[in-house]
Amino acid sequence: MRVWIINHYAIPPSMGGLVRHYYFSKFLRQMGHQVRIFTASEIHNTNINMIRDGSLYKEEEMDGVPYTFLKTRDYSGNGLSRIYNMLEFPVRIQQAVKHFAKNGEKPDVIYTSAPTIFAAGSALIAAKRLKVPCVVEIRDIWPESIVEYKGMSRKNPIILALYQLEKWLYKNADRLIFTMEGGKDYIREKGWEKKISLDKIDNLNNGVDLEEFDRNRETFRLDDPDLLDDETFKVVYTGSIRLVNNLGKIVEMAEYMKEHGEDKIKFLLYGDGTEREELIKLCQEKGLDNIKFPGKVEKKYIPFILSRSDLNINHVKQTGIMRFGCSLNKQFDYFASGRPVLSDLTVSYDLIERYQAGITLPTQDTETLCKEVLRFANMPKEEYEQICKNARTAAEHYDYRELTNHLLAILENAVGQNQTK
């Protein structure tokens, strides 16, 4: 089967990587399928643009997977340049599809991912023109997430227009994949189930390549004294350090521990973002030496970091969007490390609770969080080790090899239904 994956932000792992579609491509190709990933030439969260001349596209194999980069302009932040970039990519999709179709290349199915509904909508139009099915994946529920995170009114004319575009997209897709488990709940809440069949909705969470994770854990190690210190109980966070991650809360936890003389607890926050320097300065002002910000590390080092942790922490700003579930990429790396997870995210379909891989607290209260950290630090060895085993079991259920088999079944179903029309 020939599969075209269209995702504005399908970044190769070696470039920082939003890696979901890299792994799907990798394992689909191992199964004998042909895959082409279309993505933007401007690499998200970097200063890299893969096309600096007038070319429409550039084909390049990266990390063992073929990418087709479509020319888009540079941008920084969330200003006008990014909006232009978001509107430019859908135009490039149409141009590229027309070009490849003219040269005799046509997919059996288009699989598009919707961090923005503009790109997914363009991919759907392209599929209709080629008379092939289109599977639409929802990783970020637009515009509901804008309402929840930015506080915009649902009655705002722009939001109302985006809801209509979203409804059109869902109605016309051949299959829908939600990364969060509550996709059907969302459709019901919007009152769209009469227009959008719930039977065509699937859930396909994020995951982890366990073979690669274990190999990297043994191969790529960090000489970090804080990480290697066996005399401390290490609470580790990995990921972005931005306003939405609300990591000032972890600074508050470090301050609480210091005030209460819990000098064996240390917080290590790996990652970078707009809030990192401000948080470092805040910790210096408070004289906190039990929290460190080692900075961004290559993804290949994450398995070793997490395996040296004693407790991995899930923490971002709580929003109502989590009533439909949550699919944080880091969650599955945490599971793979075989270490307990502490989360303060009130989320439906909670995998931590489902697999008893740690604990989810119904509050983001600093004292409550700290008492839970101390409970894990003083937990009987047998109880702690059982939670570690549960975490690893959870990862095995979300190995990308298994997830790819599920994806393949969805794609084949879409192709089969299209052939019977």
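The following refers to the structure shown. Counting restarts for each chain: residues are numbered from 1 in the order of the written sequence. Restriction of local features to residues with pLDDT of at least 70 applies here, the model being predicted, together with a cutoff of 80 or more for giving and counting side-chain atom pairs; totals for whole chains, interfaces and linings are based on all residues. Side-chain descriptors were evaluated using all non-hydrogen atoms of the structure, hydrogens and water having been removed beforehand.

## Topic: the overall build of the protein chain
Link 1 in the chain: Counting its secondary structure elements, the protein chain contains 16 helices and 14 strands.
Link 2 in the chain: Radius of gyration: over C-alpha atoms. The globule rule applied is 2.2 Å multiplied by the number of residues raised to the 0.38 power. Relative to its length of 421 residues, the protein chain is compact, with a C-alpha radius of gyration of 22 Å against a globular reference of 22 Å.
Link 3 in the chain: Seen along its three principal axes, the alpha-carbon backbone of the protein chain occupies a region of about 70 × 45 × 40 Å.
Link 4 in the chain: A burial count over the protein chain gives 56% of its 421 residues as buried.
Link 5 in the chain: Across the protein chain, contacts joining residues at least 24 apart in sequence account for 75% of those joining residues at least 6 apart.
Link 6 in the chain: Reported accessibility uses the Shrake-Rupley method at a 1.4 Å probe radius. Residues are deemed covered only where the shown protein chains occlude them. Split by element, the accessible area of the protein chain, about 18,500 Å² in all, is 48% carbon and sulfur.
Link 7 in the chain: Taken together, the 59 basic and 60 acidic charged side chains of the protein chain have centroids lying 8 Å from each other. Helix and strand definitions here come from DSSP, where helices need a minimum of 4 consecutive H or I residues and strands a minimum of 2 consecutive E residues; each element is numbered from the N-terminal end. A simple rule labels every residue: compare its accessible area, found with a 1.4 Å probe on the protein chains alone, to the largest value its type can have, and call it buried under 20%, exposed over 50%, or partly exposed in between. Contacts were defined at the residue level, with two residues in contact if any of their heavy atoms lie within 4.5 Å. Charge convention: Lys and Arg are scored as positive, Asp and Glu as negative, and His as well as the terminal groups of each chain are ignored. Taken as the charge centre is NZ of Lys, CZ of Arg, CG of Asp or CD of Glu, depending on the residue.

## A closer look at the packing of helix H2 (residues 80-102) against helix H3 (residues 117-130)
Link 1 in the chain: Following both chains from N to C, one finds H2 and H3 inclined at 20°, their axes separated by 8 Å at the closest point. It follows from the interaxial angle that H2 and H3 lie roughly parallel. Here H2 runs over H3; the crossing is right-handed. Of H3, the residues touching H2 (which contributes Met-86, Leu-87, Phe-89, Pro-90, Ile-93, Gln-94, Val-97 and Ala-101) are Phe-118, Ala-119, Ser-122, Ala-123, Ile-125, Ala-126, Arg-129 and Leu-130.
Link 2 in the chain: Its residues assigned to classes, the contact of H2 with H3 shows 13 nonpolar, 2 polar and 1 charged. An axis is simply a line fitted to the C-alpha atoms; with a helix, the fit covers only the stretch in contact. Between two such axes, the angle follows the N-to-C directions and lies from 0 to 180 degrees. Each angle gets one of four labels, with under 35 degrees taken as roughly parallel, over 145 as roughly antiparallel, 65 to 115 as roughly perpendicular, and the rest as oblique. Should the near helix be turned anticlockwise from the far one by less than a right angle, the crossing is termed left-handed; should it be turned clockwise, right-handed. Amino acids outside the nonpolar list (Ala, Val, Leu, Ile, Met, Phe, Trp, Tyr, Cys, Pro) and the charged list (Asp, Glu, Lys, Arg) are all regarded as polar, and Gly is one of them.

## Digging into helix H12 (residues 329-336)
Link 1 in the chain: In terms of residue burial, H12 counts as a mostly covered element, since 7 of its 8 residues are buried.
Link 2 in the chain: Listing the buried residues of H12 in full gives Lys-330, Gln-331, Phe-332, Asp-333, Tyr-334, Phe-335 and Ala-336.
Link 3 in the chain: Looking one or two places after H12, you find Gly-338, whose phi comes out positive at around 70°.

## A few points about the pattern of salt bridges
Between side chains of opposite charge, pairing is possible as soon as their charged atoms come close.
Link 1 in the chain: Definition used for salt bridges: Asp or Glu carboxyl oxygen within 4 Å of a side-chain nitrogen of Lys or Arg. Evaluation of the coordinates by the stated rule reveals 38 salt bridges.
Link 2 in the chain: Residues Arg-221 and Glu-218 are paired through a salt bridge, measuring 3.1 Å at the closest nitrogen-oxygen approach.
Link 3 in the chain: Arg-221 gets classed as partly exposed once you look at its relative accessible area, which sits at 47%.
Link 4 in the chain: You can call Glu-218 partly exposed: its relative accessible area is 47%.
Link 5 in the chain: Between Glu-383 and Arg-375 there is a salt bridge; the shortest N-O distance is 3.8 Å.
Link 6 in the chain: Residue classification places Arg-375 among the partly exposed residues on the basis of a relative accessible area of 36%.
Link 7 in the chain: Linked through salt bridges whose partners overlap, the residues forming this network are Lys-26, Asp-209, Glu-211, Arg-215, Asp-399 and Arg-401.

## Some words on helix H16 (residues 400-419)
Since the α-helix packs 3.6 residues into each turn, any two residues three or four apart lie on the same face.
Link 1 in the chain: For H16, built from 20 residues, the straight-helix expectation of 28 Å at 1.5 Å per residue is met to within 8% by its first-to-last C-alpha distance of 28 Å.
Link 2 in the chain: Taken as a whole, H16 has its buried residues at Tyr-400, Leu-403, Thr-404, Leu-407, Leu-408, Ile-410, Leu-411, Ala-414 and Val-415. Buried residues of H16 fall within an arc of 165° about the axis and therefore sit on the same side. To estimate the expected span of a helix, count its residues, drop one, and scale the result by 1.5 Å. Note that the arc is defined by the directions from the helix axis to the C-beta atoms.

## Observations regarding the pairing of strand S9 (residues 233-238)
Link 1 in the chain: Among the 6 residues of S9, 6 are classified as buried, and the element is accordingly described as predominantly covered.
Link 2 in the chain: Here S9 shows a buried face lined by Phe-233, Val-235 and Tyr-237 and a second buried face lined by Lys-234, Val-236 and Thr-238.
Link 3 in the chain: Where S9 lies against strand S12 (residues 311-314), 2 bridges are found, and the strand directions are parallel. Within S12, the residue paired with Val-235 across the bridge is Leu-311. Paired strands, in this sense, are two strands between which DSSP finds at least two bridges.

## Quick notes on the packing of aromatic side chains
Link 1 in the chain: The rule is short: rings of Phe, Tyr and Trp, with Trp giving its six-membered ring, pair when the centres are within 6.5 Å, and they are stacked under 30 degrees, edge-to-face over 60, tilted in between. For the structure shown, the criterion picks out 18 aromatic pairs.
Link 2 in the chain: On the basis of an interplanar angle of 65° and a centroid distance of 6.2 Å, the ring pair of Trp-4 and Phe-100 is categorised as edge-to-face. Pair noted here: Trp-4 is in strand S1 (residues 2-6) and Phe-100 is in helix H2, with a separation of 96 residues, a long-range link. The residues Trp-4 and Phe-100 share a single accessibility class, namely buried.
Link 3 in the chain: Among the aromatic residues, those joined into a ring-pair cluster are Tyr-22, Tyr-23, Phe-24, Tyr-111 and Tyr-400.
Link 4 in the chain: Here, a charge over a ring means that NZ of Lys or CZ of Arg falls within 6 Å of the ring centre while also lying within 35 degrees of the ring normal. The ring of Phe-100 has Arg-36 lying over it, and the distance from NZ or CZ to the ring centre is 4.2 Å.
Link 5 in the chain: Across from the ring centre of Tyr-163, 3.5 Å away, lies the NZ or CZ of Lys-190, which sits over that ring.

## Some points on the sheet that holds S1
Sheet strands pair via backbone hydrogen bonds, and the direction of the pair is either parallel or antiparallel.
Link 1 in the chain: In spatial order, the strands read S3-S4-S2-S1-S5-S6-S7-S8; together these 8 strands make up an open sheet with mixed pairing. Both outer strands of the open sheet, strand S3 (57-62) and strand S8 (201-203), are each paired with one neighbouring strand and no more. Between one strand and the next, the sheet's axes are offset by a mean angle of 25°, whatever the strand orientation.

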